[in-house]
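Breakdown of the fold
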Amino acid sequence: MSLEPIAFAALAVVLIGSALAVVLTKNLFHSVLWLALTLTGTAGIFLTLDAEFIAAVQLLLYAGGVITIAVFAIVVTERLVGDRITQTSRQLWNGGIIAGAVLVGVLSFVLRAPQGPPRPPLAEDLTRAIGEAVLTRFVLPFELLALLFFAGLLGAIYFARPDD
Amino acid sequence: MPASVSLQAYLVLAAVLFAIGLFGVVTRRTTIGILLGIELMLNSVNINLVAFARYHGDVAGLVFTVFTISITVAEVALGLALVILIFRVRRTAIADHLDLLRG
């Protein structure tokens, strides 16, 4: 028996617990730290799916970049306001009903669907396959992504300009 | 316990995470809290994409995941820049207070 189901179960527990903490914690800063745990756990899920490259990208960009930016934003905004941001949640019942309805709807499809194919053996190095696909089959979206980043860079510079 | 995890298990996990993120987006009042909920939802979609790619032996799902991660990072960076900018102008963290365009 392999360790994979145990790893999956442990990661699922960590993921669901930390995700609940993200949306329920009062302290916004703690919320971001729980999100860091969720994103790192997701990298673990990617490792159980043999996608090492995606796990590395997840850790570098999400758990590294997004968390840093979010912490930075909270620190800056708290300094501007002068006191700590405590976030209260409103409409807990409405949120619970909406999220529960979406969950039941999706799960009814997922669980009724025929059992998918078993996991095929790893045909090739997935990282090499990603690199080849990006530069052949998906080269146009890849270039569009570069354009999007350029636009985002211009937007960030525009936002960050000094007051005149 | 089965010898290997089925595709359904990954889909159920992603659906649960998506619902939790949606709950956060609906219930949070601060703009940063709403952005964190959106992060959770996008993250769960990535789990779906990678799981489908692995179980169907098609690399396209992995490429899409790389694209969505990159786009999400750009989106969060600009979204939080907007939040800071709104803070400088309006001095508020609550999304309901941003009703400048209300008729």
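Residues numbered from 1 in each chain as written. Chains lettered and ligands numbered in written order. Predicted model: local features only at pLDDT ≥ 70, side-chain atom pairs only at ≥ 80, totals over all residues.

A short note on the overall build of chain A
When helices and strands are tallied, chain A shows six helices and zero strands. Across chain A, helices and strands are ordered from the amino to the carboxyl terminus as α-α-α-α-α-α. Compactness check: chain A gives a C-alpha radius of gyration of 20 Å against a globular reference of 15 Å for 164 residues, more than 25% above the reference. When its C-alpha atoms are laid out on the principal axes, chain A stretches across 60 × 45 × 30 Å. Looking at the 164 residues of chain A, the share that counts as buried comes to 23%. Contacts in chain A between residues far apart in sequence, at least 24 positions, make up 49% of those at least 6 positions apart. (Helix = DSSP H or I, 4+ residues; strand = E, 2+ residues; numbered from the N terminus. Rg over C-alpha atoms; globule rule 2.2 N^0.38 Å. Buried ≥ 20, exposed ≤ 12 C-beta atoms within 10 Å, placed from the backbone. Contact = placed C-beta atoms within 7 Å.)

Description of the overall build of chain B
Per the secondary structure count, chain B includes three helices and zero strands. Ordering the α and β elements of chain B from the N terminus gives α-α-α. For chain B, whose C-alpha radius of gyration is 17 Å, the value lies well above the compact-globule estimate of 13 Å for 103 residues. Each principal axis of the C-alpha distribution contributes one length, and for chain B these read about 55 × 25 × 25 Å. Counting the 103 residues in chain B, one finds 54% classified as buried.

Details of helix α3 (residues 60-90) of chain B
For α3(B), built from 31 residues, the straight-helix expectation of 45 Å at 1.5 Å per residue is met to within 8% by its first-to-last C-alpha distance of 44 Å. Looking one or two residues beyond α3(B), the residue adopting positive phi is R91(B), at roughly 60 degrees. (Expected span 1.5 Å × (residues − 1).)

Things to note about the domain arrangement of chain A
With domains assigned, chain A is organised as domain 1 (4-90) and domain 2 (124-164). For domain 1 of chain A and domain 2 of chain A, the distance between their C-alpha centres works out to 23 Å. (Domains from an automatic or database assignment.)

With respect to the nonpolar core
Membership of the largest hydrophobic core comes to 65 residues, with the highest contact counts inside it found for L17(B), I20(B), V50(B), A51(B) and L62(B). Listing elements by their share of this core, those giving two or more residues are α1 (4-24), α2 (28-48), α3 (52-81) and α5 (126-135) of chain A together with α1 (7-27), α2 (31-56) and α3 of chain B. Broken down by element, the residue count for this core peaks at 15 residues, all from α1(B). Structurally, this core is a two-domain feature, drawing no fewer than three residues from each of domain 1 (4-90) and domain 2 (124-164) of chain A. (Core = buried A, V, L, I, M, F, W, Y, C linked by C-beta atoms within 7 Å.)

Observations concerning unusual backbone geometry
Look at D50(A): it is not a glycine, yet its phi comes out positive at around 65 degrees. For D50(A), a count of 15 C-beta atoms within 10 Å corresponds to the partly exposed category.

As for the environment of I74(A)
All names here are of chain A. Inspection of the secondary structure puts I74 in helix α3. Note on I74: 22 C-beta atoms within 10 Å, which makes it buried. Sequence spacing of I74 and Q58 is 16 residues, and the spatial spacing of their C-alpha atoms is 22 Å.

Section: α1(B)
Here α1(B) contains 21 residues, and its C-alpha end-to-end distance of 31 Å stays within 8% of the 30 Å for a straight helix at 1.5 Å per residue. In terms of burial, α1(B) is a largely internal element, 18 of the 21 residues being buried.

Some thoughts on the packing of α2(A) against α2(B)
Packing of α2(A) against α2(B) brings their axes to within 11 Å, and their N-to-C directions diverge by 5 degrees. With respect to α2(B), the element α2(A) is oriented roughly parallel. The residues of α2(B) that touch α2(A), namely those facing L28(A), S31(A), V32(A), L35(A), T38(A), L39(A), T42(A), I45(A) and F46(A), are I32(B), G33(B), L36(B), E39(B), L40(B), N43(B), I47(B) and V50(B). Taken together, the residues of the contact of α2(A) with α2(B) sort by class into eleven nonpolar, five polar and one charged. (Axes fitted to C-alpha atoms, helices over the stretch in contact; angles between N-to-C directions. Parallel < 35°, antiparallel > 145°, perpendicular 65-115°, else oblique. Nonpolar A, V, L, I, M, F, W, Y, C, P; charged D, E, K, R; others polar.)

Observations concerning the interface of chain A and chain B
Contacts between chain A and chain B engage 77 residues on the former and 62 residues on the latter. Elements that contribute at least two residues to the side of chain A that touches chain B include exactly α1, α2, α3, α4 (92-112), α5 and α6 (139-159) of chain A. Per-element accounting of the side of chain A that touches chain B gives the leading share, 15 residues, to α3(A). The residue makeup of the side of chain A that touches chain B, split by class, is 56 nonpolar, 17 polar and four charged.

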